[in-house]
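Observations on chain architecture
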Amino acid sequence: MTGVDKADAPDGPAGILPPRQNPNLVGHEAAERALLDAFRSERLSHAWLISGPRGIGKATLAYRFARFLLGQGGPASGGLFGSLPAADPDSLYVDPDSPLFRRIAAGGHADLMVVERGFTDDSRQKLRTEIVVADVRRIGGFLAMTPAEGGWRVVIVDAADEMNPNAMNAVLKVLEEPPPRSVLLLVCHNPGRLLPTVRSRCRRLVLNPLCEDAVAGLLTHFDPGMAPVDALALARLAEGSVGRALTLAGEGGLALYRDLIALLSTLPTLDIPALHEFADRLSRPTADSAFRTVTELLRNWLGRLIRSGATAGAGGGTQNDAESALTARLLAAGGLERWLEVWEKITTLLARTDGANLDRKSVILNAVLTIDKATRG
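Residues numbered from 1 in each chain as written. Predicted model: local features only at pLDDT ≥ 70, side-chain atom pairs only at ≥ 80, totals over all residues. Heavy atoms only, no water.

Quick look at the overall build of the chain now. For the chain, the helix and strand inventory stands at 16 helices and 5 strands. The buried share of the chain, reckoned over its 377 residues, is 48%. Look at the contacts in the chain between residues 6 or more apart in sequence, and 73% of them connect residues 24 or more apart. Working note: accessible area of the chain is about 17300 Å², and carbon and sulfur atoms make up 52% of it. (Helix = DSSP H or I, 4+ residues; strand = E, 2+ residues; numbered from the N terminus. Buried < 20%, exposed > 50% of the residue type's maximum accessible area, 1.4 Å probe, protein only. Contact = heavy atoms within 4.5 Å. Areas by Shrake-Rupley, 256 points an atom, 1.4 Å probe, with all protein chains shown as cover.)

This next bit is on helix α8 (residues 212–222). Of all the positions in α8, only V215, A216, L218, L219 and F222 are classed as buried. Take α8 and look down its axis: the buried residues cluster within an arc of 160°, on one side only. In this fold, the buried residues of α8 make contact with α9 (228–238) and α10 (242–250). (Arc of directions from axis to C-beta.)

Soluble globular proteins tend to bury their nonpolar side chains together. In this structure, W301, I364 and I371 are the most contacted members of the largest nonpolar core, which totals 54 residues. The element that contributes the greatest number of residues to this core is helix α13 (residues 288–310), accounting for 9 residues. Other than its neighbours up to four places away in sequence, I364 contacts L275, F278, A279, L282, F291, V294 and T295. With 34 residues, the next largest nonpolar core counts L25, I50, L61 and L112 among its residues. (Core = buried A, V, L, I, M, F, W, Y, C linked by side-chain atoms within 4.5 Å.)

Our focus in this paragraph is the confidence of the model for the chain. In this model, the chain carries a mean pLDDT of 88, and residues with pLDDT of at least 70 account for 90%. This model gives residues 1–14 a pLDDT under 50, and the stretch forms 52 contacts once residues within four places in sequence are excluded. Contacts of residues 75–86 to residues separated by more than four positions or lying in other chains number 21 contacts, the stretch itself having pLDDT below 50. (pLDDT = per-residue confidence, 0-100.)

With 7 of its 7 residues buried, strand β4 (residues 182–188) lies for the most part within the structure. With burial as the criterion, each face of β4 is covered, one bearing S182, L184, L186 and C188 and the other bearing V183, L185 and V187. As paired strands, strand β1 (residues 47–51) and β4 are joined by 5 bridges and run parallel to one another. For I50, the partnering residue across the bridge sits in β4 and is V187. Note that strand β3 (residues 153–158) and β4 share 6 bridges and pair parallel. Bridge pairing in β4 places R153 opposite S182. Assessed by its sense of winding, the connection that carries the chain from β3 through helix α6 (residues 165–176) to β4 is right-handed. (Pairing = 2+ DSSP bridges. Right-handed = clockwise from strand over helix to strand, strands pointing away.)

This is how it looks when you write it as structure tokens:
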């Protein structure tokens, strides 16, 4: 069992535990070893930037390390409050039945602060689109206090690239003068969005996407009725993110992907009635998730097409024989520069969809017709 990042699924996809409640981690043994070695060296960095694609377990690792640290070295780490730490621990694992684990899972540990996007108002119905300065202002005071249990104080920011500039500057002040026995764990999907001064004051820990077999295995674990061939196809579409794979499975992403490829495979003699039927399905009032899924699948497919063209067909990452044949035909119809222009036009169109409240059917029609036009030169 692994975890997903909060930004992918605030309440967790069905069958999967949210990071703060998840005792296990899959596929990131090297990253776990790096954290453990840093702790053993007694020169533990005060700030870690845990980066990588969404949904691969970054937040799960952050909570795993937080539990480990909070179980070390304080007078209240044993006895009434939990088990004594191992003299020479060989992993970051903490028993999920321990009081320490349960308190962190319930959000009740006094020496752990978690910073996430706050709610827009008192009704707590809608999250903000970014982490604002009010969300991070408490970090300085929290870390300046004496640890309640005599050990470490830990702050998790999930996700750090969701901070606005004012919030980043507030965190920067803490990073410049960190209190002793304190650690900040910045979970980050896109480090390029952070201020360079924030990045430079953190030790980087980059998590790689999970291998296809690991993602497929987790999918069949969560859904034993899933066919292995479908699990592998979803794993490839998710590109190493089990969180994304689970979301795709829940939204019918595999069927939508196959319909999209079947439609595009009619190029350069595009099946116009099939295109309108596909666009009609995605423009229904109940098709919000299907529309979002298709637009993401379309962007990712274009990315694979371009990578395949840039590498002369090697390492493009096509999903199956149907996509491979389509990719070869489209690259023969137009060079890489043409498909880069298509990618830019469609990406811009999709980015404007929500902000400008564009008609969904028109968006799908325009995107596919842009691809059709490129095949005709």
